[in-house]
Amino acid sequence: MSANDSPEGTQQTGTHDSAFLRACRREPVPHTPVWFMRQAGRSLPEYRKVREGIPMLESCARPELVTEITLQPVRRHDVDAAIYYSDIVVPLKAIGIDLDIKPGVGPVVANPIRSRADLAQLRDLTPEDVSYVTEAVGLLTAELGPKPLIGFAGAPFTLASYLVEGGPSRNHENTKALMYGDPQLWADLLDRLADITSAFLKVQIEAGASAVQLFDSWVGALAPADYRRSVMPASAKVFRAVADYGVPRIHFGVGTGELLGLLGEAGADVVGVDWRVPLDEAARRVGPGKALQGNLDPAVLFAPREAVETKAGEVLDAAAGLEGHIFNLGHGVLPNTDPDALTRLVEYVHTRTAR
Ligand SMILES: Cc1c2[nH]c(c1CCC(=O)O)Cc1[nH]c(c(CCC(=O)O)c1C)Cc1[nH]c(c(CCC(=O)O)c1C)Cc1[nH]c(c(C)c1CCC(=O)O)C2
């Protein structure tokens, strides 16, 4: 039986009927649910304090610390869901890829993957490789009570971009050179990553996560025809792999205005939208049968309160006719964001949409 058929199953009583999960399923909600990508992290002084002297990837492998950091924004902002504190490169590290997260830079890979021989670095992920994830999700669901926990993973394209480039990249030139120059090696690389990602999401769902988000952050670098041919099969494989659990599957990328329909078609129940396309137009591009998540520009939070509320009001107005809407930013919380602005934003959305 899947978590979704059974409110008494792996889920806490009440979780199934939370505003967040109801909106994902396009059911009526008491208020528009809100959470923020990167709600845990550097915008919070309490995060900076507990992370002092602990490298990012090490912090991800300590269940008590993961639990504390995941709960920090929930306590502070009264958001409608928690997102598991981790990083998209955690499963790659767990299978032995030599990589690190450099502060202010992002993931850096020691031996980039560029040839068929390099593929041997990518072995299958087993639950034992990430036993700390199972433990932390268990601790978290106990603490969260009815509040849903969102699990997540990086999508094959975005993971491949870090692995092929060796680090963050503006133009993804090595990634695209491989994609266009050796389509079979590219397809094999993405297929391996799809299996690793699927296994990682399954661990989180089986431990109690109520929804999952696939982050394909950098896929907006591709034209639709290339996405359909060279990336969608692998992302669709991930969505199929977790379909039977019945938990909502969210699909997000940045700069994906031209890809929104395909992000849904890949197998998502909810499509995440950045701030460049208004939600009513995004709904036309995605088509019926999917909820939308988004899409306030994270930089708006640096403006005065009145301006934040005007812009958030515009998002809610554009979402008024949608079947299901989860309020979020169009990308992650920026590190210098005033956390009080986030708390006020949650309150504004809840109050304005209370039914
Ligand atoms: C592309 C990507 C990465 N990681 C992630 C993505 C997809 C989301 C997105 O598009 O923003 C996903 C991610 N990474 C992190 C989370 C935490 C959960 C949450 O959303 O609150 C999530 C969902 C923690 C983190 N991941 C990272 C931090 C900051 C490191 C720190 O606090 O020392 C956090 C809190 C590091 C990281 N990891 C990555 C980057 C680009 C960086 C930032 C580097 C920097 O500016 O220092 C790769």
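These figures come from a predicted structure and were not determined experimentally. (Residues numbered from 1 in each chain as written. Predicted model: local features only at pLDDT ≥ 70, side-chain atom pairs only at ≥ 80, totals over all residues. Heavy atoms only, no water.)

Once that is clear, we can look at the packing of helix α4 (residues 63-77) against helix α6 (residues 131-144). Packed helices, taken two at a time, are described by the angle their axes make and the gap between the axes. One can describe the packing of α4 onto α6 by two numbers: an axis separation of 9 Å at closest approach and a directional angle of 40 degrees. By the angle class used here, α4 and α6 are oblique. As for how α4 packs across α6, the hand of that crossing is right-handed. Together, P63, E64, V66, T67, T70, L71 and V74 of α4 and Y132, E135, A136, L139, L140, E143 and L144 of α6 make up the contact between the two elements. (Axes fitted to C-alpha atoms, helices over the stretch in contact; angles between N-to-C directions. Helix = DSSP H or I, 4+ residues; strand = E, 2+ residues; numbered from the N terminus. Parallel < 35°, antiparallel > 145°, perpendicular 65-115°, else oblique. Left-handed = near helix turned anticlockwise from the far one by under 90°. Contact = heavy atoms within 4.5 Å.)

Before going further, it helps to examine the packing of aromatic side chains. Enumeration over the complete set of coordinates arrives at four aromatic pairs. Taken together, a centroid distance of 5.4 Å and an interplanar angle of 85 degrees make the contact between F152 and F215 edge-to-face. Placement of F152 in strand β4 (residues 149-154) and of F215 in strand β5 (residues 211-215) is noted, with a sequence separation of 63 residues between them. Taking the relative accessible area as the measure of exposure, F152 reaches 7% and is therefore buried. Judged by centre distance (6.1 Å) and plane angle (65 degrees), the rings of F157 and W186 are edge-to-face. With a gap of 29 residues between them, F157 in helix α7 (residues 156-165) and W186 in helix α9 (residues 183-207) connect regions that are remote in the sequence. Among the residues examined, F157 registers a relative accessible area of 0% and is labelled buried. (Phe/Tyr/Trp six-rings, centres within 6.5 Å; stacked < 30°, edge-to-face > 60°. Buried < 20%, exposed > 50% of the residue type's maximum accessible area, 1.4 Å probe, protein only.)

Quick look at the pairing of strand β9 (residues 325-329) now. Taken across its five residues, β9 has five buried, putting it largely inside the fold. Burial along β9 is two-sided: H325, F327 and L329 and I326 and N328, pointing in opposite directions, are all buried. The sheet contact formed by strand β8 (residues 291-296) and β9 spans five bridges and is parallel. From the neighbouring strand, Q293 faces β9, where its bridge partner is I326. Chirality of the crossover, the property in question, places the unit of β8, helix α14 (residues 305-319) and β9 among those that are right-handed. (Pairing = 2+ DSSP bridges. Right-handed = clockwise from strand over helix to strand, strands pointing away.)

Now for the UniProt feature "site: Transition state stabilizer" (unreviewed entry) in the protein chain. Taking the numbering used here, the UniProt-annotated feature "site: Transition state stabilizer" (unreviewed entry) corresponds to D87. Its location among the elements puts D87 in the loop between β1 (82-83) and α5 (90-94). For D87, the residues in contact, after removing those within four places along its chain, are M56, C60, I101, P107 and F152. (UniProt positions renumbered as here; feature names shortened; annotations may be inferred.)

Time to look at the site of the ligand. Around the ligand, 25 residues are found, and the nearest of them are R38, Y47, G104, S217 and H331. Measuring from an oxygen atom of the ligand, one finds a backbone N or O atom of R38 at 2.5 Å. Interatomic distance of 2.7 Å between a side-chain N/O atom of D87 and a nitrogen atom of the ligand. Protein burial of the ligand: of its 860 Å² of free accessible surface, 91% is covered by the chains. Put simply, the parts of the chain that give the shell around the ligand at least two residues each are α2 (45-51) and β3 (106-109). Residue composition of the shell around the ligand, grouped by class: 15 nonpolar, six polar and four charged. (Near = heavy atom within 4 Å. Polar contact = N/O pair within 3.5 Å; in protein donor to acceptor, adjacent residues only side chain to side chain. Areas by Shrake-Rupley, 256 points an atom, 1.4 Å probe, with all protein chains shown as cover. Nonpolar A, V, L, I, M, F, W, Y, C, P; charged D, E, K, R; others polar.)

Let's shift gears to the sheet that holds β9. Reading across from one edge, β1-β4-β5-β6-β7-β8-β9 is the order of the seven strands in this open sheet, with parallel pairing throughout. Of all the strands in the sheet, just β1 and β9 have a single pairing partner and so form its edges. Both β1 and β4 contribute to a ladder of two bridges, which runs parallel. Paired with A82 across the bridge in β4 is L149.

All right, on to the pairing of strand β6 (residues 249-252) then. Residues R249 and H251 of β6 are buried on one face, and the alternating residues I250 and F252, pointing to the opposite face, are buried as well. Where β6 and strand β7 (residues 270-272) come together, two bridges link them in parallel fashion. What sits directly across from I250, in β7, is V270.

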